[in-house]
Amino acid sequence: MTTHTLKYDEKAPIPEEKLHEMYHYLLLTRTIENQIDYICANQTKANPFLIGKGYLSIGQEAISVGAACTIGEKDWFAQSHRDLAAHLIRGVTPLEIFLQYRCTSRSPTQGKEGNVHFGPTDRHLIGFTSHMGQNLAIALGTAWASQYRGEDAVTLTACGEGASQQGVVHESMNYAAVFKLPVVFIINNNGWAISVPVKEQMIIEDVADRAAGYGMPATVVDGNDVMAVYRAVKAGVDRARKGEGPCVIECKTFRMTGHGTHDPATYVPKADKEKWAKHDPIDFMKNYLISNKLWDEDRDQKLRAEIKKTIDVAVNEAATDVPPDPSVAVQGVWSDPSIPVE
Ligand SMILES: Cc1ncc(C[n+]2csc(CCOP(=O)(O)OP(=O)(O)O)c2C)c(N)n1
């Protein structure tokens, strides 16, 4: 079955400024996540600096970067747990990320949630829900609101191929297609749902094949090529903005870490990891930029040093924050705890 029914120019030129922006966010995301990985591996259990586990996107950052770089302030992103880059692109600072991981008082969730379970709505991000696939249904809310109000904002949403087996994902795609909602569904197909390989999740090759069943176009791209992701998602965003409805973009990639920092992923064949390591999204983009004379080693070293400094400052600042006041726990909840239950 051909899944490449989304028509667009797969070689469309991308402005130089956008290429540099994407490379910057690839590096920034990788460096922050390497730091989280390092801290999680080296901190003491008795007195941890970061609370809980890290859920990292190492090796698959190009999907989040390429996708989030196609949209503007008025648009929305109901992101997955592998979308730290989208937070950064939409204005979340490295300091906020470390505070969120520390669950301290100045964290975006004021310590009520940890790691990637957050999404400041003032930056048009939607807090990630643990229940796999539910964020796609939530994305229908912002997409429908935009359509209802006659605005031309588009909602992006993303999930893994594992989450795509959930009923709610089928319902969401069908609903979006029926009502022509301005939403782009991104599937991060990294081959694994924790320890379950994709071959044990579905017998078709591409999740994107299912789009035809809902009557919407789809395409499959190399998820480690940020430019390919950008072009495909931009095509989806452009048509959704024109009122032409939703589409599915499946990005093939590989999870280069365990499911979380607690998982050594011994079940992943070494050969697969080695194969994908040769197609790292950052190396790929750097080589593209250098071979097209858009970048050089000096600039690369400077950018890496700047990013390292930014992260050191963020970590040091995050270290000064304190645990939240317990009274915060009952703020922003659905029922008012001061009203006695009859
Ligand atoms: C409904 C539901 N079932 C199971 C889980 C436990 N769980 C958390 S992440 C995950 C795997 C998700 O795999 P995938 O969607 O492929 O995303 P990836 O982690 O590979 O990026 C599972 C099974 C969950 N959070 N929600």
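This text gives an overview of the structure that appears in the document. It should be emphasised that the depicted structure is a prediction, and the values quoted were computed from it without experimental measurement.

If you tally the helices and strands in the protein chain, you get 11 helices and seven strands. The C-alpha radius of gyration of the protein chain comes to 20 Å, within 12% of the 20 Å expected for a compact globule of 342 residues. Taking the principal axes of its C-alpha atoms as reference, the protein chain extends roughly 65 × 55 × 40 Å. Each of the 342 residues in the protein chain was classed as buried or not, and the buried ones make up 54%. Surface accessibility of the protein chain: about 16,100 Å² in total, with carbon and sulfur atoms responsible for 55%. The protein chain carries 35 positive and 43 negative side-chain charges, and their two centres are separated by 3 Å.

Using the criterion set out here, one finds six aromatic pairs in the structure. Residues W192 and Y267 carry aromatic rings whose centres are separated by 5.3 Å and whose planes lie at 50 degrees to one another, so their mutual orientation is tilted. Taken as a pair, W192 in strand β4 (residues 192-193) and Y267 in the loop between β7 (247-252) and α9 (270-277) lie far apart in primary sequence, 75 residues in all. Residue W192 is classed as buried on the basis of its relative accessible area, which comes to 11%. Residue Y267 is classed as partly exposed on the basis of its relative accessible area, which comes to 26%. Here the aromatic cluster, defined as three or more aromatic residues joined through ring pairs, consists of W144, Y175 and F179.

Turning to the side chain of R239, a few remarks are in order. Among the structural elements, R239 can be located in helix α8 (residues 226-241). Those residues in contact with R239 that sit more than four places away from it in its chain are L6, P217, E244, G245, P246 and C247.

We now examine the site of the ligand. Taken together, 15 residues lie around the ligand, and H81, S130, G162, A163 and W192 are the ones closest in. A distance of 3.3 Å is found between an oxygen atom of the ligand and a side-chain nitrogen or oxygen belonging to E161. A distance of 2.7 Å is found between an oxygen atom of the ligand and a backbone nitrogen or oxygen belonging to W192. Within the complex, 73% of the 590 Å² of free accessible area of the ligand lies under protein. Considering only residue class, the shell around the ligand consists of five nonpolar, eight polar and two charged.

Let us now look at the sheet that holds strand β1 (residues 76-78). One open sheet accounts for five strands, arranged β1-β2-β3-β7-β6; its pairing is parallel. Whereas interior strands pair on both sides, the edge strands pair on one side only; in this sheet they are β1 and β6 (218-222). Recorded for the sheet is a direction-independent mean angle of 20 degrees between the axes of neighbouring strands. Where helix α2 (residues 61-68) meets the sheet, its contacts fall on β1, β2 (155-160), β3 (183-189) and β7, and the angle it forms with β3 comes to roughly 165 degrees.

When you line up the elements, K11 lands in the segment before α1 (16-42). Between the C-alpha atom of K11 and that of A228, which follows or precedes it by 217 residues, the distance is 8.3 Å.

Another point: the state of the cysteines. Summed over the entire model, instances satisfying the criterion amount to zero disulfides. Take C69: it sits in no disulfide, and the sulfur closest to it among the cysteines is that of C251, at 14 Å. Judged by relative accessible area, C69 falls into the buried class, the value being 3%. Of the cysteine sulfurs around C103, a residue in no disulfide, the closest is that of C40, at 11 Å. The class for C103 is buried, based on a relative accessible area of 16%.

One non-glycine residue, H124, adopts positive backbone phi at about 55 degrees. Phi at K180 takes a positive value of approximately 50 degrees, unusual for a residue other than glycine. Here K180 lies in the loop between α6 (167-178) and β3. Judged by its relative accessible area of 47%, K180 falls in the partly exposed class.

Calculation notes
Along each chain, the written sequence defines residue order, and numbers are assigned to residues from 1. Whole-chain, interface and lining totals are the exception, using all residues; otherwise, since this is a predicted model, local features are given only for residues with pLDDT of at least 70 and side-chain atom pairs are given and counted only at 80 or more. Side-chain measures were taken over the full set of non-hydrogen atoms in the model, leaving aside hydrogen atoms and water. A run of H or I in DSSP counts as a helix once it spans at least four residues, and a run of E counts as a strand once it spans at least two, with each numbered from the N terminus. Only C-alpha atoms enter the radius of gyration; for comparison, a globular chain is expected to reach 2.2 Å times N to the power 0.38, where N is the number of residues. For the exposure calls, accessible area comes from a 1.4 Å probe over protein chains only, and a residue counts as buried if that area is under 20% of its type's maximum, exposed if over 50%, partly exposed in between. A 1.4 Å probe and the Shrake-Rupley method give the accessible areas. Residues count as covered only by the protein chains that appear here. Two residue types count as positive, namely Lys and Arg, and two as negative, namely Asp and Glu; His and chain ends fall outside the count. Every charge is mapped onto a representative atom, which is NZ of Lys, CZ of Arg, CG of Asp or CD of Glu. Paired rings are identified among Phe, Tyr and Trp, the last through its six-membered ring, by centres lying within 6.5 Å, and are further divided according to the angle between planes into stacked (under 30 degrees), edge-to-face (over 60) and tilted (the rest). In this analysis, two residues are considered to be in contact whenever any of their non-hydrogen atoms come within 4.5 Å of each other. The criterion for a residue being near a molecule or strand is simple. One of its heavy atoms has to lie within 4 Å of it. Polar contacts, as used here, are pairs of N or O atoms within 3.5 Å; protein pairs need one atom able to donate a hydrogen and one able to accept it. Residues neighboring in sequence count only if both atoms are side-chain atoms. Gly is placed with the polar residues, together with every amino acid not listed as nonpolar (Ala, Val, Leu, Ile, Met, Phe, Trp, Tyr, Cys and Pro) or charged (Asp, Glu, Lys and Arg). Two strands are said to pair when DSSP picks up at least two bridges between them. Lines fitted to C-alpha atoms define the axes here, with helix axes fitted over just the stretch in contact, and angles between the N-to-C directions of these axes take values from 0 to 180 degrees. Cysteine sulfur atoms are paired as a disulfide whenever they come within 2.5 Å of each other.

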